[in-house]
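Observations on the three-dimensional arrangement
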Amino acid sequence: MNEKLTIALTKGRILKETLPLLARAGIAPLEDVSSSRKLVFATTHDDVQLVIIRGTDVPTYVRHGAADMGVVGKDILLEHGAQGLYEPLDLGIARCRLMTAGPVGWQGSGARIRVATKFVNIARSHFARQGVHAEIIKLYGAMELAPMMDLADLIVDIVDTGNTLRANGMEPLEEIAAVSSRLVVNKAAMRSRYRSIQRVVDDLAAVLEAGDAAA
Ligand code: AMP
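Residues numbered from 1 in each chain as written. Predicted model: local features only at pLDDT ≥ 70, side-chain atom pairs only at ≥ 80, totals over all residues. Heavy atoms only, no water.

On to a nonpolar patch on the surface, then. A cluster of nonpolar side chains, Leu145, Met148 and Met149, forms an exposed patch at the surface whose accessible area comes to about 330 Å². Within the element layout of this structure, Met148 appears in helix α5 (residues 145–148). The class for Met148 is partly exposed, based on a relative accessible area of 48%. (Patch = residues over 30% accessible without salt bridge, like charges linked within 9 Å, V, L, I, M, F, W, Y side chains within 5 Å. Areas by Shrake-Rupley, 256 points an atom, 1.4 Å probe, with all protein chains shown as cover. Salt bridge = Lys/Arg side-chain N within 4 Å of Asp/Glu carboxyl O. Helix = DSSP H or I, 4+ residues; strand = E, 2+ residues; numbered from the N terminus. Buried < 20%, exposed > 50% of the residue type's maximum accessible area, 1.4 Å probe, protein only.)

The next point concerns the nonpolar core. Counting residues in hydrophobic clusters, the biggest one holds 31 residues, and the most contacted among them are Leu9 and Met69. It is helix α8 (residues 194–214) that contributes the most residues to this core, six residues altogether. Apart from the residues lying within four places of it in its own chain, the contact partners of Met69 are Leu5, Thr6, Ile7, Ala8, Val62, Leu183, Val184, Val185, Ile197, Val200 and Val201. Residues Cys96, Val120, Ile122 and Val179 belong to the second largest nonpolar core, which totals 15 residues. (Core = buried A, V, L, I, M, F, W, Y, C linked by side-chain atoms within 4.5 Å. Contact = heavy atoms within 4.5 Å.)

A word on the site of the ligand. In the vicinity of the ligand, the contacting residues are Arg13, Ala94, Cys96, Asp157, Ile158, Val159, Asp160, Thr161, Gly162, Asn163 and Thr164. Taking Asp160, its main chain carries an N or O atom lying 2.8 Å from an oxygen atom of the ligand. Separating an oxygen atom of the ligand from a side-chain N or O atom of Thr161 is a distance of 2.6 Å. In this structure the site holding the ligand corresponds to the largest pocket. Mapped by element, the contributors of at least two residues to the shell around the ligand are β9 (154–159) and α6 (163–167). By residue number, the principal contributor to the shell around the ligand is β9, which donates three residues. Broken down by class, the residue content of the shell around the ligand amounts to four nonpolar, four polar and three charged. (Near = heavy atom within 4 Å. Polar contact = N/O pair within 3.5 Å; in protein donor to acceptor, adjacent residues only side chain to side chain. 1 Å grid on protein atoms, 1.4 Å probe; cavity = no way out; pocket = protein on both sides within 12 Å on 5 of 7 lines; lining within 4 Å. Sits in = over half its atoms within 2 Å of the grid points. Nonpolar A, V, L, I, M, F, W, Y, C, P; charged D, E, K, R; others polar.)

The next subject is the side chain of Thr18. For Thr18, the location among the structural elements is in helix α1 (residues 13–24). Thr18 gets classed as buried once you look at its relative accessible area, which sits at 2%. Ignoring sequence-local partners within four residues, the contact set of Thr18 consists of Leu9, Val71 and Ile93.

Before going further, it helps to spend a moment on the pairing of strand β6 (residues 96–103). Across the eight residues that make up β6, a large majority, six, are buried. Across seven bridges, the pairing between β6 and strand β10 (residues 170–179) is antiparallel. Considered in β10, the bridge of Pro103 is made with Met170. The pairing of β6 with β9 spans five bridges and is classified as antiparallel. Each bridged residue has a counterpart across the sheet, and for Ala101 the counterpart in β9 is Ile155. (Pairing = 2+ DSSP bridges.)

The backbone of Ala94 shows a phi angle near 50 degrees, a positive value even though the residue is not glycine. For Ala94, the position within the fold is in the loop between β5 (85–90) and β6. Although it is not a glycine, Ala142 adopts a positive phi angle of roughly 45 degrees. Following the sequence through the fold, Ala142 ends up in the loop between β8 (134–138) and α5. Residue Ala142 is classed as exposed on the basis of its relative accessible area, which comes to 51%.

Our next topic: a positive patch on the surface. Among the surface-exposed residues, Lys11, Arg54, Lys118 and Lys138 lie close enough to one another that they form a single positively charged patch. Within the secondary structure layout, Lys138 lies in strand β8. Owing to a relative accessible area of 38%, Lys138 belongs among the partly exposed residues under this scheme. (Lys, Arg positive; Asp, Glu negative; His and termini not counted. Charge placed at Lys NZ, Arg CZ, Asp CG, Glu CD.)

Structural data, given as C-alpha cells:
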C-alpha cells in the first residue's frame, strides 16, 4: 500500500488563497478547514492529505520529510533558508514586499541604526550589503510600534497595501524582496515519490497557466 502524499499548508491568509488553487488541481479537503480544529485533513484526492500549520514550521516539516511538499511564503524561505527543499513553482499568491520602513520624514543619522524586525537574517544581510552598521532587534510582532516607542529607528517588515505603516506614522523606504507563496518539495521525496509528486506539480502548474491565460 502506498502512503499518502502529505502537503503542509501555511494557515491564515496564504491558506485562503491556496485552497482554491488546490481545488482546481483536484485536491480539496473533505471538511471545512476553517471551522475544524483538526490539523490533518483527508482530501478528495485519495493519495493526498493536508496538514495546516504555521508558515515558519512548513520548511521544517518538508525538510525533514514529515511532509512531502508544502506551500510557504518566500519571506520564510529567505529568512529560514531553503536547504533540503526544491522550489518548483511560484504560486503567485499572497503577494507582498519585504521592505525597510521608517517614521515619515526620517533622515538617517549616519551613525549606527537600530532595526526592529522578525526577519533578522534578511535584515542583517540587507544592511551588510549596503555597508550600514545596523543593530538588529528581534521582535515577534507589531514592528511598527518599535520606532514610536524609540526601541528602533527603522523596521524591516512585510508591506502589502502600506495601510499598517501609514496608520502608525511610517512610510516604506526600500524594497528588499518581492514575496509570494511557493510550492516546496522535499528533495529525497522528489526522487523516491517522483511520479505522484510531479503529478501534483504539473496539475498546479496547469492551474496557474490557465489562470494567467484567463487574467
Ligand atoms: P498592509 O497594511 O496591507 O501593508 O499589510 C501589512 C501587514 O499585513 C504586515 O505587517 C503583515 O503582517 C501582513 N501581511 C500582508 N500581506 C502578507 C502576506 N502576503 N504574507 C504575510 N503577511 C502579510
